Each structure stands twice: as C-alpha cells, then as structure tokens.
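# An overview of the molecular structure
Next come the chains, spelled out residue by residue.
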Amino acid sequence: MVKEKKAKTRKKISYAKWGYIFLIPFFATYLIFSFIPLVNTFYNSLFENYRSGLTQIGPNFVGLQNYESIFQSDLLKYLGNTMILWIIGFIPQIIISLILAVWFADFRLRLKGSTFFKTIIYLPNVIMAASFAMLFFALFSDDGPMNNLLIKLEILNSPIRFLATVWGTRGLIGLMNFMMWFGNTTILLMAAILGVDASLFEAASIDGAKSLQIFTKITMPTIKPIFIYVLITSLIGGLQMFDVPQVLTNAKGSPDRTSTTLIMFLNNHLYSKNYGMAGALSVILFVITAALSLVVFFVLTSAGKKRGGGR
C-alpha cells in the first residue's frame, strides 16, 4: 500500500510551474522595454544634456536642477490644459457609452441591426488620430465646409473662427476624442453588463423597479470594476494626449498655448534635444499619472464601500 501511494504521488504533475513559465515572456518584455527605459530616463533626468547650435553641452550631473526648472515653467498650465481637454471629451463619452451599452445589452428591447450599429460606432477608433485631426482641420477652417454650409443656410452671416478661439479649439479636440473612443468604451461597458446575471434584472422588473432604479441599484454597482478600469485608462490616455492637438494646432497649441498638452511640452524638449529636461518631465508625468490613477481608484472604491455599508 505504501509503495502504491508513493507511485501515485510521483505521477502527480504540478501545473503551477507552467503558469510561471508562461509569465516569463511578459516580465522579460516589461523589464527590457519598460522598466529599464524608466530607470534610464530617471538617470538621464539628473544630467544637463542638450545641444546649443553645433555644440553639445554635457552630459553634466546637475542633480534635481532639471526638476526645479520644469516646476518653474508653465507645467501647471499645460497640466490644466490636458485635464480640461480630457474632461471635455470624457464626460459626453461616458454618458453616451453607458446609454448605448444599456440599450444594446437589454434583450427585452430586441433592437434590430444592433450588430451593424456596434460596428459603426467602433469604426472611428480604428482611424489614425492624425488623419482625424486633419479632417476636422479641413472641415472647421474659416472657409471650410461647415462654415460654408451654415452661411448658405443663413444661420451665420460670417464664418466662425473655430481654431482662433480658446473654447472653439478645445471643443474640437474634445469632440474628436469623444468620437474616436466612445465606441471602444461602449463595447467594454456592454461586455460588463452582459456578464451580469440576467435573473437580477428580471427579479427587479417583477418587483416593479423602474429602468432608472435598475440602472442605479443593479447595473452600476455590478459593473463598477469595469467602470473604474474605463475611467483610469481614459485618464491615462488623456494625460498622454498628443497627436490630435499637435496636428490640429500645427504643434503650436494655439491660441496662446491654451491647447498645449503635457506630451506636447515634452515633445518640444525632445525636438530641441534637451534630453535632461525631457527626462525630468517624463518622470514628473509618470508620477502625476500614477498619483491621479491611484486617487481615482481609491476614491471610487471607498465611495462604493460607504454606500454598501449604508444599506
């Protein structure tokens, strides 16, 4: 009997090691392409390293001097611009996406052609942002099709200079970000709603709950993890906003740099080959992104726990 037990024990295969083996490519890729460059960026941020004409200055160790210079610049202005542009695009995006996700996931409505509409709303997401920006630049220019149409319809007497006003430019950037990403957000939220047990919705309907009550009491609390994921990833994407305002404003962030984002500010240092300042700004951007993401996560998580405890 003892020999049989030993034989059975030997035949057992541990599958845990295979999980670690399959994780090796991810960690290797992360180490080579993310962690090492991050450490190298922090290291370079401690040096004075730039080109003045044909003369290369540095690299000379200057400690935290690059960080002091960044904070003495218009960093807060560009951070404010970035957050404003993200909020303008994200608020309508999350509202429309939630409405569409609820509609598409509700089998009781029996919407016809839902697959077609899902495909259509996702299509802008596959268009290059630079191409989208060029399209909007042509459409909303002073003598573009939109102004010509509004004048012909006698809605306007003179063209609107969308790209010459602060909120006109910001509005176009927010509109583009909304159109490019609301389809992706809708798909994610719809998948989350479809993962909820349908019996919960049926029981609530039988008990006489209204649609708004079902949405606030069942749908939102249940899909909260995905909602937090969407919010944080959108925030990270917003802080990394670059191509749309870069192309639309011809890299100037006009008018008066009110559309200049943090990544555009970083690109200016890279373009001028000021690698020390660019490294310092990259580290600051990384810290800001991590801090805001953690704040959003803990605020939403703690708010959910408080509501849960109240019931």
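Notes on the structure follow. (Residues numbered from 1 in each chain as written. Predicted model: local features only at pLDDT ≥ 70, side-chain atom pairs only at ≥ 80, totals over all residues. Heavy atoms only, no water.)

### A closer look at the overall build of the chain
Of regular secondary structure, the chain possesses 14 helices and two strands. Taking 19 Å as the expected radius of gyration for a compact globule of 311 residues, we find that the chain reaches 26 Å, considerably beyond that expectation. In terms of overall dimensions, the chain has a C-alpha envelope of 85 × 65 × 40 Å along the principal axes. Here the chain holds 311 residues, and 35% of them are scored as buried. Looking at the chain alone, contacts between residues at least 24 apart form 68% of all its contacts between residues at least 6 apart. Between the centroid of the 27 positive side chains of the chain and the centroid of its 13 negative side chains there is a distance of 16 Å. (Helix = DSSP H or I, 4+ residues; strand = E, 2+ residues; numbered from the N terminus. Rg over C-alpha atoms; globule rule 2.2 N^0.38 Å. Buried < 20%, exposed > 50% of the residue type's maximum accessible area, 1.4 Å probe, protein only. Contact = heavy atoms within 4.5 Å. Lys, Arg positive; Asp, Glu negative; His and termini not counted. Charge placed at Lys NZ, Arg CZ, Asp CG, Glu CD.)

### What about the pairing of strand β2 (residues 55–61)?
Alignment of strand β1 (residues 47–52) against β2, held across five bridges, turns out to be antiparallel. The residue of β2 that forms the bridge with Ser52 is Thr55. Where β1 folds back on β2, the antiparallel hairpin that results is connected by two residues, among which Gly53 adopts a positive phi of roughly 70 degrees. (Pairing = 2+ DSSP bridges.)

### Looking at the environment of Asp243
Among the secondary structure elements, Asp243 is positioned in helix α12 (residues 243–248). Take Asp243: its relative accessible area is 36%, and that puts it in the partly exposed class. The spatial distance from the C-alpha of Asp243 to the C-alpha of Phe215 is 36 Å, given a sequence separation of 28 residues.

### Focus: the nonpolar core
Core analysis: the largest hydrophobic core is formed by 61 residues, its most contacted members being Ile70, Ile94, Leu98, Leu172, Met176, Leu189 and Ile223. The dominant element in this core, judged by the number of residues it contributes, is helix α4 (residues 75–105), at 12 residues. When sequence neighbours within four positions are dropped, the list of residues in contact with Ile223 reads Leu98, Leu189, Ala192, Ile193 and Val196. (Core = buried A, V, L, I, M, F, W, Y, C linked by side-chain atoms within 4.5 Å.)

### What to know about unusual backbone geometry
The linkage connecting Ser254 with the following residue, Pro255, adopts the cis geometry, with an omega of 0 degrees. Looking at where Pro255 falls in the secondary structure, it is placed in the loop between α12 and α13 (262–271). We note that Lys273 has phi near 60 degrees; this positive angle belongs to a residue other than glycine. Here Lys273 shows up in the loop between α13 and α14 (275–310). Lys273 sits in the partly exposed class, given a relative accessible area of 38%.

### A closer look at a nonpolar patch on the surface
Together, Tyr20, Leu23, Phe26, Phe27, Tyr30, Leu31, Ile32, Phe33, Phe35, Ile36 and Val39 line one region of the surface with nonpolar side chains, adding up to about 1200 Å² of accessible area. In this structure, Leu23 sits in helix α2 (residues 16–44). Its relative accessible area of 39% is what places Leu23 among the partly exposed residues. (Patch = residues over 30% accessible without salt bridge, like charges linked within 9 Å, V, L, I, M, F, W, Y side chains within 5 Å. Areas by Shrake-Rupley, 256 points an atom, 1.4 Å probe, with all protein chains shown as cover. Salt bridge = Lys/Arg side-chain N within 4 Å of Asp/Glu carboxyl O.)

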